[in-house]
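# Inside the fold
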Amino acid sequence: MNKNLFCLFAIFFLQFLATSCDICDCNPAKTFEIINKSLDVKVWDTSGFNNEEIGSQPVNKKSFGISILVEFEEKRIAFSTSKINLSALGFSAAYACSCVPDNFIINDPVSSIQILATDTNNKEVIDVTNNFTTYRFDKKVSIKEYIETRVINDYYFYNDIIQIDMTKYDDIPNSSVFTVKIILKSGVELISETQKINFI
């Protein structure tokens, strides 16, 4: 009787070792902190079939857009893991095999965006954030609405380009330099300027 029990226990133990080890051949999931570092800003003439990056040529105010990319650094966070799944008692691996994806944490996400225009003739600076709109799920929205939606969905601009278009023109100087400010949750500002833009 004891011998039979020992054999059953030995069979169960061998099955436990075989099925609770990582039979999926997965690499351990890694955790990274995303650290927002700087901005890459480009200006575009959107009048054609394809957007054309603006150099020194003038552009119509109704066809002016800015693309914003928040450049970041990935910092790996130390982790520890076990190859043996004790909680499953060795059985779950027999039914499913899937690898856990890497995890990304953003402790200092984007809080807001501000767009300033400097008149190159008199150096007057005006806030033109509300002159720009973008699209969210095929719907035109203000920059503020876009930011609020992104925060709700925990996207936080990770590895994404934001395209904004100027849709109000009356107070835009005919010769302007645009300053783009990304304000992070901590209050840190990432700032980038465009070249002088001449409007027609």
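Scroll up for the structure.
Described below are features of the structure shown in this document. Source: prediction; values computed, not measured.

### Section: the pairing of strand β8 (residues 139–142)
Remark: a regular strand shows side chains that alternate across the two faces of the sheet. Relative to β8, strand β7 (residues 132–136) is paired through four bridges, and the arrangement is antiparallel. Directly across from Thr133, in β8, lies its bridge partner Ser142. The antiparallel hairpin formed by β7 and β8 contains two residues in its connecting segment, where Phe137 sits at a positive phi of about 55°.

### Things to note about the packing of aromatic side chains
As enumerated under the stated definition, the model contains five aromatic pairs in all. Relative to Phe199, the ring of Phe178 has its centre 6.1 Å away and its plane inclined at 85°; by these criteria the two rings are edge-to-face. A residue pair is termed long-range when its members are at least 10 positions apart, and Phe178 in strand β10 (residues 175–184) and Phe199 in the segment after β12 (197–198) qualify at 21 residues. A relative accessible area of 0% means that Phe178 is categorised as buried. Here a set of aromatic residues connected by ring pairs shows up, and it is made of Phe64, Phe132, Phe178 and Phe199.

Quick notes on the rules
Residues numbered from 1 in each chain as written. Predicted model: local features only at pLDDT ≥ 70, side-chain atom pairs only at ≥ 80, totals over all residues. Heavy atoms only, no water. Pairing = 2+ DSSP bridges. Helix = DSSP H or I, 4+ residues; strand = E, 2+ residues; numbered from the N terminus. Phe/Tyr/Trp six-rings, centres within 6.5 Å; stacked < 30°, edge-to-face > 60°. Buried < 20%, exposed > 50% of the residue type's maximum accessible area, 1.4 Å probe, protein only.

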